[in-house]
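These are the residues of each chain, in order.
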Amino acid sequence: MELLDGQLTSRAIKDALTLQVAQLKTEGKKVPHLAAVLVGNNGASETYVGAKVKACAEIGFSSTLLRLEESVSENKLLSVIEELNNDIDIDGILVQLPLPKHISDEKVINAIHPSKDVDGFHPENVGRMVQGLSTFVPATPHGIMLMLEHYKIDTRGKHAVVVGRSNIVGRPMSILLSGNSNPGNCTVTICHSHTRNLQELCLQADIIVAALGKPEFVTASMVKKGAIIIDVGITRVPDASKKSGFALKGDVNFKEVAPLASYITPVPGGVGPMTIAALLKNTYQACITRNGDGN
Ligand code: NDP
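Bear in mind that the values here come from a model prediction, so they are computed numbers and not experimental data.

Rules of the game
Residues numbered from 1 in each chain as written. Predicted model: local features only at pLDDT ≥ 70, side-chain atom pairs only at ≥ 80, totals over all residues. Heavy atoms only, no water. Salt bridge = Lys/Arg side-chain N within 4 Å of Asp/Glu carboxyl O. Helix = DSSP H or I, 4+ residues; strand = E, 2+ residues; numbered from the N terminus. Buried < 20%, exposed > 50% of the residue type's maximum accessible area, 1.4 Å probe, protein only. Near = heavy atom within 4 Å. Polar contact = N/O pair within 3.5 Å; in protein donor to acceptor, adjacent residues only side chain to side chain. Nonpolar A, V, L, I, M, F, W, Y, C, P; charged D, E, K, R; others polar. Expected span 1.5 Å × (residues − 1). Arc of directions from axis to C-beta. Contact = heavy atoms within 4.5 Å. Pairing = 2+ DSSP bridges. Axes fitted to C-alpha atoms, helices over the stretch in contact; angles between N-to-C directions.

Q: Residues and numbers for the pattern of salt bridges, please.
A: Here the structure, examined in full by the defined rule, presents twelve salt bridges. Residues aspartate 91 and lysine 30 are paired through a salt bridge, measuring 2.5 Å at the closest nitrogen-oxygen approach. Taken as a pair, aspartate 91 in the loop between α3 (74-86) and β4 (92-95) and lysine 30 in the loop between α1 (6-26) and β2 (33-39) lie far apart in primary sequence, 61 residues in all. Under the relative-accessibility criterion, aspartate 91 is labelled buried at 0%. You can call lysine 30 buried: its relative accessible area is 18%. Among the salt bridges present, the one from aspartate 91 reaches arginine 290, with a minimum N-O distance of 2.6 Å. On the criterion of sequence distance, the pair formed by aspartate 91 in the loop between α3 and β4 and arginine 290 in helix α10 (residues 271-291) is long-range, its members being 199 residues apart. The partly exposed category is assigned to arginine 290, whose relative accessible area is 27%. Sharing partners across several salt bridges, the network here consists of Arg11, Lys14, Asp15 and Glu58.

What follows is the structure, encoded as structure tokens:
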């Protein structure tokens, strides 16, 4: 079994970006600038946004964190996005999900200009991804593809079972893995809460991507020997032994499944850091595309 180390892999990507940013500075060009919008005080969202902003600083990007009250109106949030769309210094905009119930995710996602949509959720960018055109690929599936590429894992012809069909993880993951690309060229089965015989399907999988948000759901009895296991899940589970009061659990029972797997991602330290690395790559790409390679 080989561990797919998201810390090491994301470090390599961040090191490369650091050099590219230094080069932009040397040439007197603009550095990438990410604007993150956080609505309310959700603890997990605070952590994720904090990690993204910190990563920007580490590699020399500019970043702006805009905090809005939980009670902010949808119209106010839309007008903040409009200002960011029109701000020529901002290259990428991300709105941390989930949003409060009174705000429509769809309206907010559609309001971000596609050229600044570094999360890759805007329908125009999703359409481009489906057609295999250059675009911003959603950060988590993009990060997983970068991980597979980094470890030179040959996915061609393999049967991938993706558990979860959300627009931010499962669905785009299934599209990327089935694409005519490397990594890619998989035969993909996408599963959800109505799937029958999930265990049988997983047992046929050469690759399992677990993205359902149910701690330790994937057990040894669902995994074929030699399978590649990508664990996307992050759930906070109460744990009195931790200072924070919780432990992070993946969707895979690591202890049981790791001995069977050829490759496996840990939680934490697997897909999470790769998601941030992919977001940074998207933001760099947005900056270069928006400003032209001559800036
Ligand atoms: P969602 O809740 O949006 O989607 C979960 C999906 O899993 C749904 O499609 C649901 O099916 C499916 N599902 C739920 N229960 C079962 C079941 N018993 N059997 C089969 N399918 C099931 O979650 P997200 O996609 O947003 O996130 C999934 C996990 O990944 C979460 O733990 C989240 O925290 C984590 N995550 C981690 C990231 C990282 O950077 N590592 C980034 C983003 C998310 P249905 O559609 O039928 O309801």
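Q: An account of the environment of leucine 8 is requested, with residue identities and associated values reported.
A: By the element assignment, leucine 8 lies in helix α1. Accessibility expressed as a relative area gives 58% for leucine 8, which makes it exposed. When the C-alpha positions of leucine 8 and isoleucine 168 are compared, they lie 24 Å apart, and in sequence the two are 160 residues distant.

Q: With reference to specific residues and values, describe the site of the ligand.
A: In the vicinity of the ligand, 22 residues are found, and the nearest of them are Arg165, Ser166, Ser193, Lys214 and Thr275. At 2.5 Å, a side-chain N or O of serine 166 approaches an oxygen atom of the ligand. A distance of 3.1 Å separates an oxygen atom of the ligand from a polar atom in the backbone of isoleucine 234. Among the residues forming the shell around the ligand, the class breakdown is ten nonpolar, ten polar and two charged.

Q: Which residues make up α1, and what are the values?
A: For α1, with 21 residues, the first-to-last C-alpha span of 30 Å sits near the 30 Å given by 1.5 Å per residue. Where α1 is concerned, the buried positions are Gly6, Thr9, Ser10, Ile13, Lys14, Leu17, Val21 and Leu24. For α1, the angular spread of the buried residues around the axis is 125°, confining them to a single face. Looking at α1, the residues exposed on the side facing more than 90 degrees away from the buried face are Leu8, Leu19 and Thr26. Along its buried surface, α1 packs onto α2 (43-59), α6 (139-150) and α10.

Q: Explain the sheet that holds strand β3 (residues 62-68) to me, using residue names and the numbers behind them.
A: By way of backbone hydrogen bonds, the strands of a sheet pair with one another, either parallel or antiparallel. The strand order across the open sheet formed by three strands is β3-β2-β4, and the pairing between neighbours is parallel. The sheet terminates laterally at β3 and β4, the two strands that pair on one side only. When the angles between neighbouring strand axes are averaged without regard to direction, this sheet yields 15°. Here β2 pairs with β3 via seven bridges, running parallel. Each residue of the ladder has a partner; that of histidine 33, found in β3, is serine 62. α2 contacts β2, β3 and β4 of the sheet and is inclined by roughly 160° relative to β3.

Q: How would you summarise the sheet that holds strand β11 (residues 263-264) if you had to cite specific residues and measurements?
A: An order of β1-β11-β8-β7-β5-β6 is seen for the six strands of this open sheet, with the pairing classed as parallel. This sheet does not close on itself; its edge strands, each paired only once, are β1 (2-3) and β6 (187-191). Here strand β8 (residues 228-231) runs beside β11; their pairing, made up of two bridges, is parallel. Bridge pairing in β11 links isoleucine 228 to tyrosine 263.

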